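Residue-level structural notes
Here are the chains, one letter per residue:
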Amino acid sequence: QVQLVESGGGLVQTGGSLRLSCAASRRTFSNYAMGWFRQAPGKEREFVAGISRSGGSASYGDSVKGRFTISRDNDKNTVYLQMNSLKPEDTAVYYCAAKYGLFGPVVAGAGMDYWGKGSLVTVSS
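Fair warning: this is a prediction, and the values are worked out from it, not measured in the lab.

**Concerning the sheet that holds strand 3 (residues 18-24)**
Read from one edge to the other, the open sheet built from four strands follows the order 1-3-8-7, with strand pairing classed as antiparallel. In this open sheet, the two edge strands, each paired with only one partner strand, are strand 1 (4-7) and strand 7 (68-73). Strand-to-strand twist across the sheet, computed as the mean angle between neighbouring axes with direction ignored, equals 15°. Alignment of strand 3 against strand 8 (residues 78-83), held across six bridges, turns out to be antiparallel.

This is how it looks when you write it as structure tokens:
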């Protein structure tokens, strides 16, 4: 089992920045590719960003390319999502998720093994 706990969400104005963190419980964190997903009210869950086990490769959803950056620190068992130039349409609950043994970064459509409970990000206009 892997427990994932997100933090760093909150209220920010359009154009502002936030950094989400996701702390994992397992010391074998480096065995898991990680991803960030989001779900806005009334909408389906959407892939945001993914990163490989080593952190050497990443992928992004089209709506966040060039604005968001995913990274990880395997010594701290933590994955991050730096969000810049935020827009009201980025408002959602953001979830981190883990996929065991994946070769390469998490991409859209990946079936994840573990999920966090989410962190709310609200971007005001």
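**Points about the environment of Glu-89**
Position of Glu-89 relative to the elements: it lies in the loop between strand 8 and strand 9 (92-100). Linking Glu-89 and Ala-40, residues 49 residues apart in sequence, is a C-alpha distance of 8.5 Å.

**Describing the nonpolar core**
Grouped together as the largest cluster of nonpolar side chains are 28 residues, with contacts concentrated most on Met-34, Trp-36, Leu-81, Met-83 and Tyr-94. Of all elements in the fold, only strand 3, strand 4 (32-39), strand 5 (46-51), strand 7, strand 8, strand 9 and strand 11 (119-124) reach the threshold of two or more residues within this core. Setting aside anything within four residues of it in sequence, one finds Met-83 in contact with Gly-16, Ser-17, Leu-18, Leu-20, Arg-67, Phe-68, Tyr-94 and Val-121. Residues Phe-37, Phe-47, Ala-97 and Met-112 belong to the second largest nonpolar core, which totals six residues.

**What to know about the pattern of salt bridges**
Taken as a whole and judged by the stated rule, the model has five salt bridges. Where Asp-90 meets Arg-38, a salt bridge forms, and the shortest distance between an N and an O atom there is 2.9 Å. Linking Asp-90 in the loop between strand 8 and strand 9 with Arg-38 in strand 4, this pair joins segments that are 52 residues apart in sequence. Given a relative accessible area of 0%, Asp-90 falls into the buried group. Classification of Arg-38 by relative accessible area gives buried; the value is 5%. When the shortest N-O distance is used, the salt bridge between Arg-67 and Asp-90 registers 2.7 Å. Placement of the pair is Arg-67 in the loop between strand 6 (58-60) and strand 7 and Asp-90 in the loop between strand 8 and strand 9, with a sequence separation of 23 residues.

Procedures and definitions
- The residue numbers shown here count from 1 along each chain, following its written sequence.
- The predicted origin of the model limits local features to residues at a pLDDT of at least 70 and limits the giving and counting of side-chain atom pairs to 80 or more, whereas totals for whole chains, interfaces and linings rest on all residues.
- Hydrogens are left out, water is left out, and the side-chain values use all remaining heavy atoms of the structure.
- The rule for pairing is simple: two strands pair if DSSP sees at least two bridges between them.
- Where helices and strands are cited, they refer to DSSP runs of H or I of at least four residues and of E of at least two residues respectively, numbered from the N terminus.
- The axes used here are C-alpha line fits, helices contributing only the stretch in contact, and every angle between their N-to-C directions lies in the interval 0 to 180 degrees.
- To define a nonpolar core, start from buried Ala, Val, Leu, Ile, Met, Phe, Trp, Tyr and Cys residues and group those joined through side-chain atoms within 4.5 Å.
- Summary of the burial criterion: residues with accessible area below 20% of their type's maximum are buried, those above 50% are exposed, and those between are partly exposed, where the area comes from a 1.4 Å probe applied to protein chains only.
- Residue contacts are defined here by distance: any two heavy atoms, one from each residue, within 4.5 Å place the two residues in contact.
- Whenever a carboxyl oxygen of Asp or Glu lies within 4 Å of a side-chain nitrogen of Lys or Arg, that contact is scored as a salt bridge.

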